[in-house]
Amino acid sequence: MCFSCFSQLRPRYKRLVDDIFPALPQDGLIKSNMEKLMFYAVSSPEKLDRIGEYLYQRASRDISRKRESYVKIAMEAMDQLLAACHSQTLNLFVESFLRMVQKLLECSEPELQILATQSFVRFANIEEDTPSYHLRYDFFIEKFSSMCHNNSNDPSIREGIRLAGIKGLQGVIRKTVSDDLVENIWEPVHMDKIIPSLLYNMQNPRYKGEDEILMDNADPNELLNCNETEEKDPAALAESCFRELVGRASFGHVKSVIRPVLRHFDLHKLWTSKSFAIHCFRLIMFSIQSQYLYTVVESLMVHLDENTKLPSKVRTNVADVLSKIIAIAAGESIGPTVLEIINSLLTHLRTSVTRQSSHSMNGGCDAIDEDEKNYQEALILALGEFAAHLPDYQKIEIMMFIMSKIVQSKTIKDFNNIDNRIQHICLKSLLMVCSKYSSIHMTATLPQSFLDPLLRCSHATDPQIRLLVQQVLHTLFDRHGNGAKFSKPLLDYTFSGLIYEKCSRSDTIFMSKNGPEIYTSLCESLEHNNNTIDNVEAIYKTMALLCVELTSEETIGDFFHAVINIQDLALTNDSLPRVLKYQLHTIVICLLSLVGYVHALLPLREFVNTIIDTRKEAKALHLLPELCIHYEIVPERALPTGVLVDQALLVECLNQAGIDITRLVAMENGTVSGGGGAAALSKHLPLAHRHSWVENPPISSLSDVSFHDFSSSSSSPCFERRFPAEDLTFEAMKRAFTESAEKEREQEAVRSAQIFEQYKSLSFVDLMNLCSRNEEETIPYKLGEIFTKLNADGSVRTPVKVDYEQKDCYKPMLESLFPECFVY
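If you're wondering where the values come from, they're calculated on a predicted model, not measured in any experiment.

**A word on the overall build of the protein**
- Scanning the protein for helices and strands turns up 36 helices and 0 strands.
- Across the 824 residues of the protein, 46% fall into the buried class.
- When contacts within the protein are restricted to residue pairs at least 6 apart in sequence, long-range pairs at least 24 apart make up 73% of them.
- When the accessible surface of the protein is totalled, it reaches about 42200 Å², and 54% of it is carbon and sulfur.

**Considerations on the nonpolar core**
- Counting residues in each nonpolar core, the largest one holds 209 residues, and the members touching the most others are F242, W271, F281, L430 and M543.
- In terms of residue count, the dominant contributor to this core is helix 28 (residues 578-598) (11 residues).
- Filtering out sequence-adjacent residues up to four positions away, F281 remains in contact with V261, L262, W271, V296, L300, V321 and I325.
- Y582, A620, L639 and L644 belong to the second largest nonpolar core, which has 7 residues in total.

**A short note on the packing of aromatic side chains**
- Following the criterion strictly, the structure yields 17 aromatic pairs and no others.
- Ring centres of F120 and F144 lie 5.4 Å apart, and the angle between their planes is 55°; on these two criteria the pair is classed as tilted. Within this pair, whereas F120 is found in helix 7 (residues 110-124), its partner F144 is found in helix 8 (residues 138-148), the two being separated by 24 residues in sequence.
- Looking at F144, the relative accessible area reads 0%, which means it is buried.

**As for the pattern of salt bridges**
- Across all of its chains, the model carries 18 salt bridges by this definition.
- Of the charged contacts, one joins K488 and E537 as a salt bridge, the two residues approaching to 3.0 Å between their closest N and O atoms. Of this pair, K488 sits in the loop between helix 24 (463-477) and helix 25 (505-525) while E537 sits in helix 26 (residues 533-549), and the two are 49 residues apart along the sequence.

**Remarks on the confidence of the model for the protein**
- Averaged over the protein, the pLDDT score is 79; the fraction of residues at 70 or greater is 74%.
- Counted against residues more than four places away or in other chains, residues 408-415, with its pLDDT under 50, gives 16 contacts.
- Between residues 669-726, whose pLDDT stays under 50, and residues either more than four places distant or in other chains, the model counts 75 contacts.

**Overview of the environment of I342**
- Within the secondary structure, I342 sits in helix 18 (residues 336-361).
- For I342, a relative accessible area of 0% puts it in the buried group.
- Remark: the alpha-carbon pair of I342 and I402, spanning 60 residues in sequence, is separated by 8.3 Å.
- In contact with I342, other than residues within four places in its own chain, are L383, F386, I398, F401 and I402.

**Considering helix 25**
- In a regular helix each residue adds 1.5 Å, so 21 residues correspond to 30 Å; helix 25 covers 29 Å between its end C-alpha atoms and thus fits that length.
- Along helix 25, the largest kink reaches about 55° and is centred on N514; proline P516 follows within four residues of it.

Basis of the calculations
- Residues numbered from 1 in each chain as written.
- Predicted model: local features only at pLDDT ≥ 70, side-chain atom pairs only at ≥ 80, totals over all residues.
- Heavy atoms only, no water.
- Helix = DSSP H or I, 4+ residues; strand = E, 2+ residues; numbered from the N terminus.
- Buried < 20%, exposed > 50% of the residue type's maximum accessible area, 1.4 Å probe, protein only.
- Contact = heavy atoms within 4.5 Å.
- Areas by Shrake-Rupley, 256 points an atom, 1.4 Å probe, with all protein chains shown as cover.
- Core = buried A, V, L, I, M, F, W, Y, C linked by side-chain atoms within 4.5 Å.
- Phe/Tyr/Trp six-rings, centres within 6.5 Å; stacked < 30°, edge-to-face > 60°.
- Salt bridge = Lys/Arg side-chain N within 4 Å of Asp/Glu carboxyl O.
- pLDDT = per-residue confidence, 0-100.
- Expected span 1.5 Å × (residues − 1).
- Bend = angle between axes of the 7 residues up to and from the residue.

Set out below in structure tokens:
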């Protein structure tokens, strides 16, 4: 039998496949015969698997014989059949196709590897009618990943194979992510190969030593679309593939992507290049679905938890990356997620402080302490960036949450104490959050549950903590940007450009309720003899902001009272250093000058100018700005006459300006009459502050209870209390207009003190006797007296005093008939 006859006996699909190959390989695929093969495949789809198997056998034979041209023709035929045939039997052909692609990838020839990759990418873009659950892509993931790490000496070959490997991984991702029946690409065994391969190609020399400001200011859209058209750039292609992979991750798969990223950065020490780390994680944040953004932040913080023994510089760089991306997640974080992130940041801060303290006690070097401080600053910056992109109501919740974490320890002695350091770092965190918050109404900004512990922190023994508290108050009180103008005490604010407006009603109510407590706290902060010039200037700034932002006609009296208290503190507190006393006198005159300018009190301004001139003439320049750390040239002697604020003259000036000076009048007997010594302040009244019943602290002893608390009428609704001495006659009204109200208050205070002393010291029997009424005032006696005057017929009887203590006394008829009404 001849060869031609034998060929006719072969199956038709083999003859059609053989006909597409030319006699000379350089002639390429015979297109007319290829069309016949495609028509046959479409007409007889059941033959597709046999066609694919035969093409695979021919290609394998040609590969072993090094006939690469025929291999390319076979691969081209495979591609055209794959694109033309869409049927349920395509899956069997796909299996042969993938075997052929695998065969080409196993070759050592770079050209065949690139050819196989291109075919696989075209296959990945085809949507199959039925899922190919029997296909496995383990080999392709491993092979394409290894191609991404090609290190050939020829740059063109190295770049070509790397590009092919990245494209192959991109094809695997597209083919497997959308198909639930194929190999789960999110498994760690696959992610540990794909992610490092992409990151290896994304590492570009342009990220080494790059200015981080460029990355911080990069536009998100430009960041996502950069180098999209540069198909010959492995780094750009790897970024595109990486974004596509991250963008397809669902909630359960986000951590599967983040975990190998963190591991790759640890193993290759990539945290030292902050620019690349920031770029990489910004790509993740901009590519991931918005509702899963907080998962990336959470993974970074968990990574810090698990690697507490890493060098401080590495942890600082991780925290820097966190600070750059956390703002992106803030907009999508709601509810408990917000406090969870804040709590985690505070936990890291506390851990760092504990580590720093233990290291200092063990005699550690200053360089490590400096690294820990940088790490803490990075975490605080991250906290501030996160809070800056949250709504105001959540910022208030964060501030209250941080305040609840601050240690309120009464045993703080020095800065080396760990509780003190934690309190210090928490206050810095609070200050960072406050700097991102814009105050509108003080009632919402400073609720009682936040204001009270904040003011308690202002009494700490550490001057740095007190300074931080004042800085927090500055950020919350300064609503018009006046804070910079009050950094140093000044006497003339005419050309300072202050911005202020009339105090609102809600702020007036806030200051009426909390102003005395705030002023008292500020005065008590000045009593510490370790105050620095920064502390004094900070309290001056707080007082100045209160004057400009929150004082009104109703509350300005409390402000004057606080200013006079500061002067009295400088005169009477012998424990204060002489330098600090001079500084207090200086801020007193500056505050009076400021309030006279802000509220346009011309008499007060003239009064202040007079004191300023007197101080200049008496060579008391140390009582004028600016504040100095040392006053060595000032001799220690009594203050000259007229250089202090005379309270009587101040009261007169305020009267002329129409200011309510009730509190200052109550202090008039304890003022300084212009002399140089301390006044008799025995009658000095502290700032009064009456809390509502909700805010009253628990009663610890009887001595803490006032007589007014025993009166039920003070808390009974719709009941008008009538005092024992109240008399609504003409003479009483005349006395009310002519006599001083202070005298009546003093009398009432004396009566209350007497009654309180009686209830505190007398026995129960004595109190019963004291409170029991006379017999003539009892109801039974009055009823008996009335009925004894009447006879049975209703006529009047001669009055007879009834003695109930005698057994044989005469009882009225009604008492005999109704004895239950006459029970004593």
